[in-house]
Amino acid sequence: MKEKRKVLFVSSSGGHWIQLRRLRPAFDGWHRLYACTNEGYRSTIDDGEDFFGLPEASRWNKIRLVYQAGMVLSIIARTQPEVVVSTGASPGFFAMLFGRAMGKKTIWVDSIANVDELSLSGQQARRFADLWITQWEHLARPEGPKFFGAVV
Amino acid sequence: MIFVTVGSQLAFDRLVEVVDAWASNRTDVQLFGQVGDTDKPPKSFPSVSTMSPEEYQKRFSEADLIVGHAGMGTIIAALELGKPLLMLPRLGSLKESRNDNQVGTARHFRSFALFEVVESESEIPTRLDHMLASLDEYRGASDEFGVGDSLIDAIREFVDS
């Protein structure tokens, strides 16, 4: 049997995670993997999906950030997804960085919570995202981010 | 039952304190809170700092009304479960969040039938009384709520290119 195509979703907890999960229809029929800072979501994913826990980190705690980055790197290296997708925050930024470095297709969908400007992690992710998306039409620019609609 | 929730990241005492004061005068109303890591938990109703996603879903489903911040997690859950939501946006200037993005979020979503937005916590008591008195009006309310096909299509097209 042909192996399923693999996608890795990466985010922090709360709204980022909920938005990420709403992107599932784009990957119907794929093997979907998740990496998130909230271990509690492990029990909420669908059958056939896989979950990896990530350490929490804020951008003020450099040691935790390095640990988190290392975990994201190791998950991408181990699972070798074809595509890496994120909606936000530091784990998502690392996923773009390492995903790109390992030759994966990277997709950043900036959180719909950012109405007036792109998130900080979203601005930084730009360099490493092959597809860079905002969920607000007024934030779209010809050079990116692009707008195609929203998860709500 | 009113479910008061501040999301998974930070406490939001400005919101919880005013709901607490309101609740102490409304002993006819049951409340439960998810209030984050705070040294000022509510006195007039039970609360926890965080809860599991299953517990959160359960509390949310059982509630007649949600009071919360203008976070996307709360907003999407309210839309999915069709719950009226009263929201107070966190302010960056009060260090309640990194920036004022919730003000923008609240501005966008305030036109939704299920949602009420207050700019100041002082408006919460009257708004809560009003929402509780008109719960029936929210029952029939539904808001357009789906993932944009164009977003899903754009991602599909990109990964297949």
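Residues numbered from 1 in each chain as written. Chains lettered and ligands numbered in written order. Predicted model: local features only at pLDDT ≥ 70, side-chain atom pairs only at ≥ 80, totals over all residues.

1. Digging into the sheet that holds strand S7 (residues 146–147) of chain A
Residues and elements named next belong to chain A.
Line of reasoning, step 1. A sheet is described by the order of its strands in space; here 7 strands give the open sequence S3-S2-S1-S4-S5-S6-S7, paired in parallel fashion. Two strands close off the open sheet at either side, each with one partner strand: strand S3 (50–53) and S7.
Line of reasoning, step 2. Both strand S1 (residues 6–11) and strand S4 (residues 83–88) contribute to a ladder of 5 bridges, which runs parallel. Bridge assignment links Val7 to a residue of S4, and that residue is Val83.
Line of reasoning, step 3. The strands that helix H2 (residues 62–79) touches are S1, strand S2 (31–36), S3 and S4; relative to S1, the one it contacts most, it runs at about 170°. (Pairing = 2+ DSSP bridges. Helix = DSSP H or I, 4+ residues; strand = E, 2+ residues; numbered from the N terminus. Contact = placed C-beta atoms within 7 Å. Axes fitted to C-alpha atoms, helices over the stretch in contact; angles between N-to-C directions.)

2. Considerations on helix H7 (residues 149–160) of chain B
Line of reasoning, step 1. Given a rise of 1.5 Å per residue, 12 residues ought to cover 16 Å, and the 16 Å separating the end C-alpha atoms of H7 of chain B matches this to within 8%.
Line of reasoning, step 2. Where H7 of chain B is concerned, the buried positions are Leu151, Ile152 and Ile155 of chain B. On an axial view of H7 of chain B, the arc spanned by its buried residues comes to 100°, and they lie on one face. Exposed side of H7 of chain B, more than 90 degrees from the buried face: Asp149, Ser150, Glu157 and Asp160 of chain B are the residues found there.
Line of reasoning, step 3. For H7 of chain B, the secondary structure elements touched by its buried residues are strand S5 (105–109) of chain A. (Expected span 1.5 Å × (residues − 1). Buried ≥ 20, exposed ≤ 12 C-beta atoms within 10 Å, placed from the backbone. Arc of directions from axis to C-beta.)

3. Structural notes on the nonpolar core
Line of reasoning, step 1. Judged by nonpolar contacts, the single largest core of 81 residues is most densely connected at Val72 of chain A together with Val19 of chain B.
Line of reasoning, step 2. Setting aside anything within four residues of it in sequence, one finds Val72 of chain A in contact with Val10, Ala35, Leu54, Pro91, Phe94, Ala95 and Phe98 of chain A. (Core = buried A, V, L, I, M, F, W, Y, C linked by C-beta atoms within 7 Å.)

4. Concerning the interface of chain B and chain A
Line of reasoning, step 1. Every contact between the two is made by 26 residues of chain B and, on the other side, 29 residues of chain A.
Line of reasoning, step 2. Secondary structure elements with two or more residues in the side of chain B that touches chain A: helix H2 (53–62), helix H3 (72–81), helix H4 (101–109) and H7 of chain B.
Line of reasoning, step 3. It is H7 of chain B that provides the largest number of residues to the side of chain B that touches chain A, a total of 8 residues.

5. Re the pairing of strand S2 (residues 31–34) of chain B
Residues and elements named next belong to chain B.
Line of reasoning, step 1. Pairing of strand S1 (residues 2–5) with S2 involves 4 bridges; the strand directions are parallel. Note that in S2 the partner of Ile2 across the bridge is Leu31.
Line of reasoning, step 2. At this point the chain moves from S1, through helix H1 (residues 13–25), to the parallel S2, and the crossover so formed is right-handed.
Line of reasoning, step 3. As judged from the 2 bridges shared by S2 and strand S3 (residues 47–48), these two strands associate in the parallel manner. Note that in S3 the partner of Gly33 across the bridge is Ser47. (Right-handed = clockwise from strand over helix to strand, strands pointing away.)

6. Comments concerning the environment of Glu39 of chain A
Line of reasoning, step 1. Position of Glu39 of chain A relative to the elements: it lies in the loop between S2 and S3.
Line of reasoning, step 2. Look at Glu39 of chain A and you get partly exposed, because 14 C-beta atoms sit within 10 Å.

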